Amino acid sequence: MTDGTDHALMQVALEEARLAADAGEVPIGAVVAVGGEVVARRHNEREAGGDPTAHAEVLALRDAAAATGSWRLDDATLLVTNHEFAVVPGVRADEGAALLTRFFTGRR
């Protein structure tokens, strides 16, 4: 469920998307917030940098990690203007779960 904060944060992401469009990029914007406060905001920069990973959400997450001093981004919210994407759940999920279980069991 969304609230007023989500709408305000999406407004920031939409502003970033407009900046992307103005720069000739695919108009996608992203914002990362912690406790409702924006810690990072970015738009696509793939064309500008010739970087296939320079998606708005990736750049925003990198900036948020730098801003917070942690890659974990506990309690962070990421909003992106991507209108839809395909999700294929459960592909070899048992194998992935087993790898994670073994990894964390060895660390305890």
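Just so we're clear, the structure is a prediction, and the values are computed from it rather than from any experiment. (Residues numbered from 1 in each chain as written. Predicted model: local features only at pLDDT ≥ 70, side-chain atom pairs only at ≥ 80, totals over all residues. Heavy atoms only, no water.)

Points about the overall build of the protein
Rules: Runs of E in the DSSP output that reach at least two residues are strands. Runs of H or I that reach at least four are helices, and both are numbered from the N terminus. To get the radius of gyration, use the C-alpha atoms; to get the globule rule, take the number of residues to the power 0.38 and multiply by 2.2 Å. A 1.4 Å probe rolled over the protein chains alone gives each residue an accessible area, and that area as a share of the maximum for its type sets the label: buried under 20%, exposed over 50%, partly exposed in between.
Helix and strand content of the protein: four helices and three strands. In terms of overall dimensions, the protein is more spread out than a globule: its C-alpha atoms have a radius of gyration of 17 Å, far above the 13 Å expected for 108 residues. Considering only C-alpha atoms, the protein reaches an extent of 50 × 30 × 30 Å along its principal axes. For the protein, buried positions account for 25% of its 108 residues.

Side note on the sheet that holds strand E1 (residues 29-34)
Basically, it comes down to this: At least two DSSP bridges between two strands are needed for those strands to be called paired. Orientation is described by lines fitted to C-alpha atoms, with helices fitted over the stretch in contact, and by angles between N-to-C directions that extend from 0 to 180 degrees. For this analysis, residues touch if any pair of their heavy atoms sits within 4.5 Å.
Read across the open sheet, the three strands follow the order E2-E1-E3; overall the sheet is antiparallel. Each edge of the open sheet carries a strand with a single partner, namely strand E2 (37-43) and strand E3 (76-80). Geometrically, the sheet is characterised by an average inter-axis angle of 15° between neighbouring strands, direction not taken into account. Of the strand pairs in this sheet, E1 and E2 are connected by six bridges, and their pairing is antiparallel. Following the sheet pairing, Ala 33 is matched in E2 by Val 38. Set on the sheet, helix H1 (residues 4-22) makes contact with E1, E2 and E3; between it and E1 the angle comes to about 145°. Relative to the sheet, helix H3 (residues 56-68) contacts E1, E2 and E3, its axis offset from that of E2 by approximately 145°.

Quick look at the environment of Leu 9
Tracing the backbone through its elements, the reader meets Leu 9 in helix H1. Classification of Leu 9 as buried rests on a relative accessible area of 6%. Put simply, Leu 9 and Val 38 are 29 residues apart on the chain and 7.7 Å apart in space, counted from C-alpha to C-alpha. Contacts of Leu 9, omitting those with residues within four sequence positions, involve Val 31, Ala 33, Gly 36, Val 38 and Leu 79.

Remarks on the nonpolar core
Note the following rule: For our purposes a nonpolar core is just a set of buried Ala, Val, Leu, Ile, Met, Phe, Trp, Tyr and Cys residues, chained together by side-chain atoms within 4.5 Å.
Formed by Ile 28, Ala 30, Val 32, Ala 40, Ala 56, Ala 60, Ala 64 and Leu 73, the largest nonpolar core amounts to eight residues. When residues of this core are traced back to their parent elements, those giving at least two are E1 and H3. Top element by residues in this core is H3. It accounts for three residues. Residues contacting Ala 64, with those up to four places away along its chain left out, are Val 32, Val 39, Ala 40 and Leu 73. Membership of the second largest hydrophobic core comes to six residues, among which are Val 12, Val 31, Ala 33 and Leu 79.

Description of the packing of aromatic side chains
What counts, and what does not: Here a pair means two rings of Phe, Tyr or Trp (six-membered ring of Trp) with centres within 6.5 Å. Their orientation is stacked below 30 degrees between planes, edge-to-face above 60, and tilted elsewhere.
Within the structure shown, the criterion is met by one aromatic pair. Ring geometry for Phe 103 versus Phe 104: centroids 4.9 Å apart, planes at 85°, classification edge-to-face. According to the relative accessible area criterion, Phe 103 is partly exposed, its value standing at 41%.

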